[in-house]
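# Coordinates in review
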Amino acid sequence: MIKKTIDLHDVDRAAVFGVGDRNLKILERKLSVELSARGSKLTVAGLDYNVIKLEAVVKDIILAIKHKGHISENDVETLVDMEVYGDQQSGKIGSNTAIVFKKNGVIKPKTPVQERYFKSTQENDIVFAIGPAGTGKTYLAVAIAVAAWRNNLVERLILTRPAVETGESLGFLPGDLKEKIQPYLAPLNDALFEMLTPEKHQKMYEQGIIEILPLAYMRGRTLNNAFVILDEAQNTTSTQMKMFLTRLGVNSKAIITGDTTQIDIPKKTKSGLVEAEKILKNINGIDFIYFSENDVVRHRLVKEIISAYNQTYEQRD
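I will try to describe carefully the structure that is included in this document. This is a predicted model, so every value here is computed, not measured.

Moving on to the overall build of the chain. Counting its regular elements, the chain contains 11 helices and 11 strands. Relative to its full complement of 317 residues, the chain shows a buried share of 46%. Put simply, 68% of the contacts in the chain that link residues at least 6 apart link residues at least 24 apart. Of the roughly 16900 Å² of accessible surface on the chain, 49% is carried by carbon and sulfur atoms.

Between helix α9 (residues 238-245) and helix α10 (residues 272-280), the shortest axis-to-axis distance is 8 Å and the interhelical angle comes to 60 degrees. Between α9 and α10, the angle falls in the class oblique. Classified by chirality, the crossing of α10 by α9 is right-handed. Across the interface between the two elements, Ser238, Met241 and Leu245 of α9 pack against Gly272, Leu273, Glu275, Ala276 and Leu280 of α10. Taken together, the residues of the contact of α9 with α10 break down into 5 nonpolar, 2 polar and 1 charged.

Another point: the packing of helix α5 (residues 112-123) against helix α6 (residues 137-150). At a minimum axis distance of 11 Å, the contact between α5 and α6 shows a crossing angle of 40 degrees. Overall, the two elements α5 and α6 adopt an arrangement that is oblique. Helix-helix and strand crossings are classified by hand; for α5 and α6 the assignment is right-handed. Contact residues: Gln114, Tyr117, Phe118, Thr121 and Gln122 in α5; Lys137, Leu140, Ala141 and Ile144 in α6. Of the residues belonging to the contact of α5 with α6, the class tally is 5 nonpolar, 3 polar and 1 charged.

As enumerated under the stated definition, the model contains 11 salt bridges in all. Between lysine 253 and aspartate 125 there is a salt bridge, and its shortest N-O distance comes to 3.5 Å. Residue lysine 253 is found in strand β10 (residues 253-258), and its partner aspartate 125 is found in the loop between α5 and β6 (126-130); the two are separated by 128 residues along the sequence. Among the residues examined, aspartate 125 registers a relative accessible area of 44% and is labelled partly exposed. Of the charged contacts in the structure, one is a salt bridge between aspartate 231 and arginine 161, with a shortest N-O distance of 3.0 Å. On the criterion of sequence distance, the pair formed by aspartate 231 in the loop between β9 (226-230) and α9 and arginine 161 in strand β7 (residues 156-161) is long-range, its members being 70 residues apart. Relative accessible area serves as the criterion here: at 4%, aspartate 231 is assigned to the buried category. Assessed through its relative accessible area of 8%, arginine 161 is described here as buried.

By definition, the strands of a sheet pair up through backbone hydrogen bonds, in either a parallel or an antiparallel sense. Strand order in the open sheet formed by 3 strands is β1-β3-β2, with antiparallel pairing between adjacent strands. Edge strands, defined here as strands with exactly one partner in the open sheet, are β1 (2-7) and β2 (34-38). Sheet twist, expressed as the mean angle between neighbouring strand axes with direction ignored, is 20 degrees. Two elements, β2 and strand β3 (residues 41-46), share 5 bridges in a ladder whose sense is antiparallel. Opposite alanine 37, over in β3, you have leucine 42 as the bridge partner.

The rules behind these values
Within every chain, residues take consecutive numbers counted from 1 along the sequence as written. Per-residue local features of the predicted model are confined to residues with pLDDT of at least 70, and side-chain atom pairs are confined, for both listing and counting, to 80 or more; whole-chain, interface and lining totals are unaffected and use all residues. Excluding hydrogens and water, the side-chain figures rest on all heavy atoms present in the structure. Counting from the N terminus, the helices are DSSP H or I runs at least four residues long and the strands are E runs at least two residues long. Residue exposure (1.4 Å probe, protein chains only): buried if accessible area is under 20% of the type maximum, exposed if over 50%, otherwise partly exposed. A contact between two residues is defined here by any heavy atoms of the two lying within 4.5 Å. Only the protein chains shown count as cover for residues, and the accessible areas themselves come from Shrake-Rupley with a 1.4 Å probe. To obtain an axis, a line is fitted to C-alpha atoms, over the contacting stretch when the element is a helix, and the angle between two such axes runs from 0 to 180 degrees between their N-to-C directions. Here the word oblique covers every angle except those under 35 degrees (roughly parallel), over 145 (roughly antiparallel) and from 65 to 115 (roughly perpendicular). Each crossing gets its hand from how the near helix is turned against the far one by less than a right angle, where anticlockwise is left-handed and clockwise is right-handed. For this classification, the nonpolar set comprises Ala, Val, Leu, Ile, Met, Phe, Trp, Tyr, Cys and Pro, the charged set comprises Asp, Glu, Lys and Arg, and every other residue, Gly included, is treated as polar. Each reported salt bridge corresponds to a side-chain nitrogen of Lys or Arg within 4 Å of a carboxyl oxygen of Asp or Glu. Strand pairing follows a simple DSSP-based rule, namely that at least 2 bridges must link the two strands.

Next comes the structure, spelled out in structure tokens:
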């Protein structure tokens, strides 16, 4: 039996404790510990193992509250289950599964392929995620990167994509270059806005912790201590893909996402993503994860639309 004190001076203790101290009661019941509070101090008594788990859960609770201002009792239950049961309980989130709090809940893998995708990013420094729209490739990549930054595994988040037109030319869009490229980078920003408060996002952007830029701006750089995401990689050329992959420096990871059925570069130009599939498959530390319409997590019609197009293409072939 040991006793430890946790300092809650930098967080709303009422949010940690819950209405009527319900969150504390959940922690006591599920972790078999005794909790007592005085001022900003929370004291826990129990077996070594349980106290260690309690400290980890309280840390996650504090992170959640700092991000979205509150935490539900269901969130507390989930965090305890993750910490204690891991993958041993059917239907529970694994203890090594990505978890990022946003305004309306927790981001986690929703399909077996998404689960493999996340685990692969923990085991490999470069992961290619290939599949149709709506399968969560980009969204989950951003969540994984944010989680890595929050856990102090990297110092910077760098998100990039090729500025390839799909109908409207950059030259005809209004504004300066920065304003012109914003539409191409919007999907990456949209994902970040769900996981970070506007104030936090702006501060990180100003401090250089977050960089969102066109792929062409990556040339000549060496990216150390960074989590790098290349989105829409099917629209890279062979030269661009090689340039991007050789930017990685010390303690950096990269996720490359793309859909080889939606290539918008000229037909005579070889896709860097398609070429990378052939060249890099047998390199240790690089993994390829493939999604299908079964992994679509958008509107139900998206899955049917993708399936219909696939059937049509197969009949043409």
